[in-house]
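Here is what each chain is made of, one letter per residue.
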Amino acid sequence: MEPIVFLLLGAGMMLALLAVKARYMGFQAQSPSDYAGKGPQFDIRKHLSGPLLCEGVIYGPTGRVSSRFVADFDARWNGNVGTMTEEFRYDTGETQSREWTLTVGNDGSIRAEAPDVIGTGTGMQEGPGVQLNYRIKLSEDAGGHVLDTVDWMYLMENGTIMNRSQFRKYGIKVAELVATMRRKEQ
């Protein structure tokens, strides 16, 4: 056979293996049902309520930390509908504000809306895990890109919430966020 055929077959096999890995073994392969009955029950109406302190880092496309932040959150609930305000302070001195409207269904489903979210985000809470999927539009200062976001929050035994999010453009991971959220000391 011609060398080009072997090259094309090898490239095709490599792409197929990468697709299988991403689907069944990577961050995106998680499902809320993976966490059913495995730890404390995460109820965002209870655990994302009142004043919260959030601390985190954002990794750029090379895997290096590109930004650090501290944020004050405040979430208030009226039944199954909540409003969560976020005030971020970045290591650069920049600040950012966001306000989410969260709606929890009786089945644990979540609808999430914010001014910089395109359409409505959707998610599910199950066991100690919460998953949200949404498209976010970055500010013009950050290029104005629209990124597909997968956001996972995990409830720890002591009530701390670990947050890991991945941001993709055209299916390619361009950033990742890791943060903690915990009740703010009064």
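Below is a short write-up of the structure.

Reading the values: rules and limits
Residues numbered from 1 in each chain as written. Predicted model: local features only at pLDDT ≥ 70, side-chain atom pairs only at ≥ 80, totals over all residues. Heavy atoms only, no water. Helix = DSSP H or I, 4+ residues; strand = E, 2+ residues; numbered from the N terminus. Buried < 20%, exposed > 50% of the residue type's maximum accessible area, 1.4 Å probe, protein only. Contact = heavy atoms within 4.5 Å. Pairing = 2+ DSSP bridges.

Topic: the overall build of the protein chain
No. 1: In terms of helices and strands, the protein chain carries two helices and ten strands.
No. 2: Counting from the amino terminus, helix and strand elements in the protein chain follow one another as α-α-β-β-β-β-β-β-β-β-β-β.
No. 3: Structurally, the protein chain occupies a C-alpha span of about 70 × 40 × 30 Å along its principal axes.
No. 4: Buried positions account for 37% of the 186 residues belonging to the protein chain.
No. 5: A fraction of 36% describes how many contacts in the protein chain between residues 6 or more apart in sequence connect residues 24 or more apart.

Here's the deal with the pairing of strand β9 (residues 161-169)
No. 1: Sheet topology note: the strand β8 (residues 146-155)/β9 ladder contains eight bridges and is antiparallel. Among the inter-strand pairings, D151 is bridged to a residue of β9, identified as S165.
No. 2: Remark: five residues form the turn of the hairpin made by β8 and β9, two consecutive strands paired antiparallel; G159 in that turn has positive phi of roughly 95 degrees.
No. 3: In sequence, β9 turns back onto strand β10 (residues 172-183) through a hairpin of two residues, with Y170 there showing a positive phi of about 55 degrees.

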